[in-house]
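# Coordinates in review
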Amino acid sequence: MLKCEDLKKIFDENDLTFFSGVPDSTFKGWMNYLAEGNGMKNIIACNECEAVANCSGYHLATGKVGVVYMQNSGLGKTVNPITSLVDKEIYSIPMVLMIGWRGNPNDEKEDEPQHKMMGKIMFPLLNILDIPYKIIPEDKVEAAIVIEKMKKIAEETKHPVAIIIQKGIIDNYNWGENKEEKYEMLREDAIKTIIDNLDGDEVIVSTTGHASRELFEYRVAKEEKHRDFYTVGSMGCSASIGNIIALEKPDKKIFVFDGDGAVLMQKGALASIGNYGANNFYHIIFDNHSYDSTGGQPSVSESINFEKIAEGCGYNFIKKAKTKLELLDSIKELKEKQGPCMLIVNINKGSRKNLGRPTTTPIENKEAFMEFLNK
Ligand SMILES: Cc1ncc(C[n+]2csc(CCOP(=O)(O)OP(=O)(O)O)c2C)c(N)n1
């Protein structure tokens, strides 16, 4: 297994010291090591498209090569800046794409359904984009040879190259264990509190990661029929899904359970929500200032003001809850308000070690959701 300290040494030796991206749990250890600093520059991006632009800016400013880190689910987001900005036929900007391979068909344990397609098409997609790639070996000497070679290709061709990270290759550097307990609740407490205090006929769309998994498990625990839409992939898309359902179903109350990272990834959706003004739309953001589902690396949410953004976008009612008591009051208040509404719930990062995954398929979830919606 490749140790983070050894990988950092290899990157240093190749003058790869600038990183930008969105974290991936495939190389959670490295993400944690990077988040700690350890002498590297890490620009936390809100989406992978931005990370490519960040590494382009870095190259323009310094002439050096930056590293974009991402889960392969983010590769699609980078197709536009890769083809229209950094490609050798356009501005010809070298960079190293460090890509976590989810949905690897060779993995012993089958990955989640949302990763299967990208797991299969990642190499063909890189081929189409004319991006040379190599899978990183776990032996540090071999890894050093591969990284040095790929960096050289990037510099010589002035075009992106990719290094592919498989699950279990980089050691699990444990930085996330020292959790700061800044707030009162965990996301799971907040989800349970909201579910228990809604009327029961509300429609819920939940975001990717642990939020959907916790909601799913709570329905199971309560022996309730599944009725929620779990957006298992497509990070950042839940709010838009919910917004259109709200516009199409004006007699139903639509609640979106979102994460700060997901909202930041598709922040433009807030403008559309405000603009189309569905009065039955309720946007709950569980803000733990982190990408908790991929290991708790920081997002940039602590330095931004969701309330002001929502206000500027035209949300009708905006509230923030930091404690369970405030959450209970806010839910009561929210139910009486005309949307679009936003409730920001400050929570600590972290979730149960034994948290499961939805045991039903996405198609079964969709059908149960549509049946509930159209009742
Ligand atoms: C386009 C894309 N990039 C990265 C990921 C990997 N990923 C899955 S969940 C997650 C974190 C989501 O953070 P947030 O929305 O704040 O929710 P939290 O996990 O904190 O509950 C990330 C980065 C992804 N699924 N899709």
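Cut-offs and rules
- Residues numbered from 1 in each chain as written.
- Predicted model: local features only at pLDDT ≥ 70, side-chain atom pairs only at ≥ 80, totals over all residues.
- Near = placed C-beta within 6 Å.
- Helix = DSSP H or I, 4+ residues; strand = E, 2+ residues; numbered from the N terminus.
- Nonpolar A, V, L, I, M, F, W, Y, C, P; charged D, E, K, R; others polar.
- Domains from an automatic or database assignment.
- Pairing = 2+ DSSP bridges.
- Axes fitted to C-alpha atoms, helices over the stretch in contact; angles between N-to-C directions.
- Buried ≥ 20, exposed ≤ 12 C-beta atoms within 10 Å, placed from the backbone.
- Contact = placed C-beta atoms within 7 Å.

### Digging into the site of the ligand
Neighbouring residues of the ligand: 27 residues in total, closest Gly209, Gly259, Gly261, Asp292 and Ser293. Residue assignment for the shell around the ligand shows that the elements contributing at least two residues are helix H8 (210-221), helix H10 (260-265) and strand E11 (290-291). Here the shell around the ligand gets three residues from one element, more than from any other, and that element is H10. Among the residues forming the shell around the ligand, the class breakdown is seven nonpolar, 15 polar and five charged. Viewed by domain, the shell around the ligand spans two of them, domain 1 (4-165) and domain 2 (187-373), each represented by three or more residues.

### A short note on the sheet that holds strand E5 (residues 133-135)
Strand pairing in a sheet relies on backbone hydrogen bonds, with the paired strands running either antiparallel or parallel. Strand order in the open sheet formed by six strands is E2-E1-E3-E4-E6-E5, and the pairing between neighbours is parallel. The sheet is open, and its two edges are formed by strand E2 (41-44) and E5, each paired on a single side. With strand direction ignored, the average angle separating the axes of adjacent strands in the sheet is 20 degrees. With six bridges joining them, strand E3 (residues 66-71) and strand E4 (residues 95-100) adopt parallel strand pairing. The partner of methionine 70 across the bridge, within E4, is isoleucine 99.

### What about helix H2 (residues 28-35)?
Here H2 lies mainly inside the structure; eight of its eight residues are buried. If you follow the buried residues of H2, they end up packed against helix H1 (4-13), strand E1 (18-21), E2 and strand E12 (297-298). Residue glycine 37 follows H2 closely and has a positive phi angle near 105 degrees.

### Focus: the domain arrangement of the protein
Examined at the domain level, the protein breaks down into domain 1 (4-165) and domain 2 (187-373). Between domain 1 and domain 2, the C-alpha centre-to-centre distance is 30 Å. Taken together, the contacts link 14 residues of domain 1 with 15 residues of domain 2. Broken down by secondary-structure element, the contributors of at least two residues to the side of domain 1 that touches domain 2 are H2 and helix H5 (113-128). For the side of domain 1 that touches domain 2, the class distribution of residues is six nonpolar, five polar and three charged.

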